[in-house]
Structures are given as C-alpha cells and as structure tokens.
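Working through the structure, step by step
Residues per chain are reported as follows:
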Amino acid sequence: MTHIEICDDAATVARWAATALIDDLRSIQQSGQTGVWVAAGGSTPAKAYEIIAKEDAHQIDWSNLYILIGDERCVPLSHKDSNWRQLADLLLAHVPVSASHLLRPPMELGAIPAASRYAEMIAQLPGEDTPKLHHVWLGMGEDGHTLSLFPGEELAEHIGAQLVAPILDSPKPPPERITLTLNALRGAEHCVILATGGGKRPALTRALSGDLALPIARAANTVERNGGRVTWVLDREAAPISH
Ligand code: 6PG
C-alpha cells in the first residue's frame, strides 16, 4: 500500500518522520516484540533525530529496540561523513539505548569485510525468510538513488541474494560504502521515504509514475511486493506537480 504525505516544509517532514516512527514502535513494543528500526543518513533524518531526542524520547522503550543504519560510508566513526556518527551524535547519545541492540556496520574493517560482518549481524534478527525490519527510513538523492544503491547498477541481479552489499565505486563520495540490498528490504514492514527540496522533484516525478530504473522506485516496489507499506513524505518543493 502506498501513501503520499505532502508537508509544507522540511521541518514538517522531519516532524512527520519522528511521529511515524514512534507510532510504529509503540504498537510493536506493546505487542511484546522488540522493534527493529533502520535509520538513514542524510539531512532530513538529521532533523528528525534532533526532534526525537528533544521532544519524543520518553515515548519509546529504548531497551526494547534494535537500531540499524541503511547504508554507511567507509570513513572512520569519528569522521563527519559517517552516517552512524550523525545518528549517534544527534540521537543515540541522548537516549537510554541498549548497546547490545545497536547494529553498527564495522566500517573500520573496509567495505567488503564490513558488508559480510554487517550481514551476519542483521541475519540474527527475528524473521522467517528475511529479517523483519519494522520501520525503515529511506532518503533519496536527486538522481533517484537510495541507500547506496545508485542508478545504473544491476540492483537485482548483482546483489540480489545478499542482505548487505559492499559498494566500491559510488558516484557520490566517498566511493567505498556498504548498503542494505533490495533483498533485505523484502523484510520491511513500513518504509518511510523522506525527500525535501526542489532538486528532488524530477526524480520523484519519475519514481511515483513507476519508473523502476530508479533505485528509490525499485526499493518501494520491493517493499510493496513483499506485503510492506510505503509512505512517501515530501515537502511541497519536492512533490511532483501532479500531487
Ligand atoms: C548516503 C545516504 C544517501 C542519502 C540521500 C539523501 O549515505 O549518502 O544514505 O542515500 O540518504 O543522498 O540525502 P539528503 O537527505 O542529504 O539529500
């Protein structure tokens, strides 16, 4: 099921993302399960992390939650470009998370070993065929990439069977990264796509009209084909004219 939410501005998109996360986690935790949240790199998630840390932290049982990141760059954890560092600085440092439930990709190993180790970590999560990812945030670049899945890659054939893939030649720096694959997204229950700013409108127009050449559209399609929900949360500048 697809839902498109159009917000006035980027701050409202971030507020919406925070609320959607809390709503899903509360109902999962109240049903007795340990929640699994896939956080994201990028500017809109950063704003949402700050909102959760400042306003909403008390609404989540942090001891009953696994936290992952959808993709990561091959940089030291102390580097400003580390997606995990952004998450840690803006959110994890301010809430009572359980260290054993933080699934941080070990980028210090290098992209190829980090991808296999991260895949092993994720494979431990509950799930039947694929680990269950209750709530997944995805950003999108102006070229329609999501995670570190870029247009032109053989998304299904090349990295289809793994949960995590190393990327050695990303067109967006830095070139070496790891990323969840489309296969991992088969386990997504609710995927929230966050995109703001006029530069993203052309790719969103293509993606929402079903152009599966774009990784973001492939990601959304994969989630839906496997029974998950997708919510696109866009600001007015990013939203296609027709919406
Ligand atoms: C990365 C990101 C990437 C990001 C998009 C959107 O590590 O490069 O995970 O996929 O989410 O490029 O980024 P912005 O929200 O900053 O535009």
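Throughout what follows, the structure given in this document is the object of discussion.

Examining the site of the ligand
Lining the immediate surroundings of the ligand are 15 residues, of which Asp71, Arg73, Leu147, Lys172 and Lys200 lie closest. Between an oxygen atom of the ligand and a side-chain N or O atom of Arg73, the distance comes to 2.8 Å. Between the ligand and the protein, one listed contact pairs an oxygen atom with a side-chain N or O atom of Lys172 at 2.8 Å. Here the ligand loses 88% of its free accessible area of 430 Å² to cover by the protein chains. Given that more than half its atoms are within 2 Å of the pocket grid, the ligand belongs to the largest pocket. Elements represented by at least two residues in the shell around the ligand include exactly helix 2 (43-56) and strand 4 (71-73). Across the shell around the ligand, the residue classes break down as 2 nonpolar, 8 polar and 5 charged.

What to know about the side chain of Asp24
For Asp24, the location among the structural elements is in helix 1 (residues 10-30). Residue contacts for Asp24: discarding those within four places in its chain leaves His134, His135, His190 and Arg229.

Describing the environment of Val13
The topology assignment puts Val13 in helix 1. For the pair formed by Val13 and Val95, sequence separation is 82 residues and the distance between their alpha carbons is 22 Å. If we ignore the near neighbours within four places in the chain, the residues touching Val13 are Cys7, Thr44, Leu194, Thr196, Val233, Leu234 and Asp235.

Thresholds, definitions, all that
Residues numbered from 1 in each chain as written. Predicted model: local features only at pLDDT ≥ 70, side-chain atom pairs only at ≥ 80, totals over all residues. Heavy atoms only, no water. Near = heavy atom within 4 Å. Polar contact = N/O pair within 3.5 Å; in protein donor to acceptor, adjacent residues only side chain to side chain. Areas by Shrake-Rupley, 256 points an atom, 1.4 Å probe, with all protein chains shown as cover. 1 Å grid on protein atoms, 1.4 Å probe; cavity = no way out; pocket = protein on both sides within 12 Å on 5 of 7 lines; lining within 4 Å. Sits in = over half its atoms within 2 Å of the grid points. Helix = DSSP H or I, 4+ residues; strand = E, 2+ residues; numbered from the N terminus. Nonpolar A, V, L, I, M, F, W, Y, C, P; charged D, E, K, R; others polar. Contact = heavy atoms within 4.5 Å.

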